[in-house]
Amino acid sequence: MLQVLVTLFNQKFLVFTFQVSIMEDLDLKRQRIFGRQVKRLREEKGLSQDDIAARCRVTKGSLSVIENGNRNFSFTTLLALAKALEVEPKMLLDIDFELFSE
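Quick look at the structure, then.

Definitions and cut-offs
- Residues numbered from 1 in each chain as written.
- Predicted model: local features only at pLDDT ≥ 70, side-chain atom pairs only at ≥ 80, totals over all residues.
- Heavy atoms only, no water.
- Helix = DSSP H or I, 4+ residues; strand = E, 2+ residues; numbered from the N terminus.
- Contact = heavy atoms within 4.5 Å.
- Phe/Tyr/Trp six-rings, centres within 6.5 Å; stacked < 30°, edge-to-face > 60°.
- Buried < 20%, exposed > 50% of the residue type's maximum accessible area, 1.4 Å probe, protein only.
- Arc of directions from axis to C-beta.

Here I95 shows up in the segment after α5 (89–93). The sequence separation of I95 and I33 amounts to 62 residues, and the corresponding C-alpha distance is 8.1 Å.

Structural data, given as structure tokens:
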């Protein structure tokens, strides 16, 4: 009986772990898509990472990490990015996050 419970627990744990992994992958994809949007808008305006970083009061390295989709950041950083890019915050989010594929 104990072996059956242990086996059942292990199966449920593996399913849960797999689901968490899928969600983490989806979050990373969304971060990459958002980062590309930030970079696209920055480049369209002819601004460097240094320009935006100074306007946002973040380091150039932090901005680079955001543009590469490797950082989950705060809402206030989103607002600072929008201000630095001289766009409404909704413009940064007006993208198809392609929820199930990249």
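That shown, we press on.
On to the environment of L41, then. Tracing the sequence through the fold places L41 in helix α1 (residues 2–44). Not counting residues up to four positions away in its chain, the partners in contact with L41 are L85, M91 and L92.

A complete count under the given rule lists one aromatic pair for this structure. Between F34 and F73 the ring centres are 5.4 Å apart and the planes differ by 40°, which places this aromatic pair in the tilted class. With F34 in helix α1 and F73 in the loop between α3 (60–67) and α4 (75–85), this pair connects stretches of sequence that are 39 residues apart. For F34, a relative accessible area of 6% gives the class buried.

Before going further, it helps to spend a moment on α3. It helps to recall that an α-helix has 3.6 residues per turn; residues three or four apart then point in one direction. All buried positions along α3 are accounted for by S62, L63, I66 and E67. The buried residues of α3 occupy an angular sector of 135° when the element is viewed end-on, so they sit on one face. Of the residues flanking the end of α3, it is G69, one or two places downstream, whose phi is positive at about 75°.

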